[in-house]
Amino acid sequence: MIHAAPVNMVKSFRVLDLQTLLTSMGRSRSGLKQDLVGRALRLVQTEYSPELLKTIRQLYESRFPKAASWAAQRRPDAIPPAYPTHSSPPAPGLHGTDYLNGLPKPTSSSVPEVKLASLPFYQTLETLMPPTELIAQNSEKLQDSPCSLELTPSQADQLRSCRELRPGMKSIQVVLRICYADTVGVQEDQYPPNIAVKVNQSYCHVPGYYPSNKPGVEPRRPCRPVNITPWLNLSTTPNRITVTWGNFGKRYCVALYLVRVFTSAELFNQLKHCSVESADRCRERIQDKLRFDPESEIATTGLRVSLICPLVKMRLGVPCRVLTCAHLQCFDAVFFLQMNEKKPTWTCPVCDKPAPFELLTIDGLLSEILKETEDVEEIEYLADGSWRPIRDEKEKERSSTPECPLLDICSPEANGHSPAHSSFSQPGKPGAPPSGSSGPGTAPTSSGGGGGAGGGAVVDLTLDSSSEEEDGGGGAGDSEDTEDSQDSPPPKKGRYGYDKDLVTAY
């Protein structure tokens, strides 16, 4: 006997409905859809029972509810429902924001909720739609998940009357956040592949990829909340939001929040008023680090700290560090907050460990040191909690550098050697021209005559070395080298046993 109504219901089931039916009746749920349909139809024909009929009707009614609710009327015909469970009308306070993928989200309290991480620059005022999983409607890689959002009059008034942080950016926004559908731990924002957000037929701006300066490193995409406020109807008119995403095996959740947005200057004011470590507490921390340990073979007597910010390589303005970091080196709080406002990483620039805003603190002791010193770039903390500048040691090193003596090549007595390429007119030397006369290639003597003690040596640096005479050699005419000579004589040794064409500088 063939029951037409149950058979038609079974033929309209999806794979998930078929698997639910077969599992409830103790049958195998594996295989392709055509195998599951055939198995379910055989079950209806052979083991028809009131329990089986009840299960089929429940699955069919969950897929095609008889009541033509407003949600069913707005559901596109091409998009089938996503959930096999009973649908429930939306709560009065949510104004239909529980609806995603065309049907309401199951309200079972036993299912754990996905928790999104809190963001320092965003304060959640209201949850417009809790984290709801994106359900694939078919086997296509590119999926569209629509949802509806209606704002209350108070929410619309807040959005209209709030101040602007900068042109086009309001201090109160409606943001869309996406993360992994993982209920273990707190989830960070994570975009699915090929993401696109469309609000009322207009596409919203989604942050793009940051290019990488390192070779071989793929560009990263900053996953942050998507501001959909400019495209919303700031009234009680329903807003239709469609999330396009790539279905590549991972599960994602989407949520909508009404938030207040902070700037880096506002966060810095919070940091100054709420998280400043006193100078006495900083000294205690230094003493704990430098306390003598008898079991340690290495005794640390001081810790050096730079007064230059590792982020911008400039002198620290407001020294800041993370309470959970082991180092005492600080970075500038203002620049750190400004960089995370543009590109949120929240990583310590000193040790690359997580640096959440809640754990940031201003170093009170280093703030006092920066006020007392102006031209110091580095200090050293001592075991008793005091400090000393490193500037004195650097100046001492510069002052102890030996200066090189200057060499006067025009004075033969400077180092005991005669300079090269020079000829002296001194009486009594062999080969020197007589006083008052000048031979070829020689310079005349001073007017004192005789080369007395008062006469200085005259050096002619324009002469060739061949015009000089060797001590104990012949006349000037015998040692001259003319341009017509073909064979150059080998270099001769001077009085001190070195070539005349070489000069030794000490």
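The rules behind each value
Residues numbered from 1 in each chain as written. Predicted model: local features only at pLDDT ≥ 70, side-chain atom pairs only at ≥ 80, totals over all residues. Heavy atoms only, no water. UniProt positions renumbered as here; feature names shortened; annotations may be inferred. Helix = DSSP H or I, 4+ residues; strand = E, 2+ residues; numbered from the N terminus. Buried < 20%, exposed > 50% of the residue type's maximum accessible area, 1.4 Å probe, protein only. Contact = heavy atoms within 4.5 Å. Areas by Shrake-Rupley, 256 points an atom, 1.4 Å probe, with all protein chains shown as cover. Pairing = 2+ DSSP bridges. Axes fitted to C-alpha atoms, helices over the stretch in contact; angles between N-to-C directions.

Per an unreviewed UniProt entry, the chain goes by the name RING-type E3 ubiquitin transferase and belongs to Scleropages formosus. UniProt lists a comment for the chain under the heading Catalytic activity (unreviewed entry), and it reads "S-ubiquitinyl-[E2 ubiquitin-conjugating enzyme]-L-cysteine + [acceptor protein]-L-lysine = [E2 ubiquitin-conjugating enzyme]-L-cysteine + N(6)-ubiquitinyl-[acceptor protein]-L-lysine." What UniProt records for the chain under Pathway (unreviewed entry) is the sentence "Protein modification; protein sumoylation."

### Things to note about the overall build of the chain
Secondary structure summary: the chain contains 12 helices and 21 strands in total. The buried share among the 506 residues of the chain stands at 34%. The contacts in the chain between residues at least 6 apart in sequence include a share of 67% that link residues at least 24 apart. Accessible surface, the chain as shown: approximately 29800 Å² in total, 52% of it carbon and sulfur.

### Some points on the sheet that holds strand β15 (residues 276-277)
Spatially, 4 strands are ordered β15-β19-β17-β18 in an open sheet, and the strand pairing comes out mixed. Both outer strands of the open sheet, β15 and β18 (331-332), are each paired with one neighbouring strand and no more. Pairing analysis gives 3 bridges linking strand β17 (residues 319-322) to strand β19 (residues 360-363), with the strands arranged antiparallel. Counterpart to Val322 in the pairing with β19 is Leu360. This element, helix α7 (residues 264-274), spans β15, β17 and β19 of the sheet and lies at about 65 degrees to β19.

### Notes on unusual backbone geometry
We note that Asn200 has phi near 50 degrees; this positive angle belongs to a residue other than glycine. Relative to the helices and strands, Asn200 resides in the loop between β10 (196-199) and β11 (202-203). Overall, the relative accessible area of 23% leaves Asn200 in the partly exposed class. Its identity as a non-glycine residue notwithstanding, Trp346 has a phi of 50 degrees, on the positive side. Looking at the secondary structure, you find Trp346 in the loop between α9 (333-342) and β19. Note on Trp346: relative accessible area 14%, which makes it buried.

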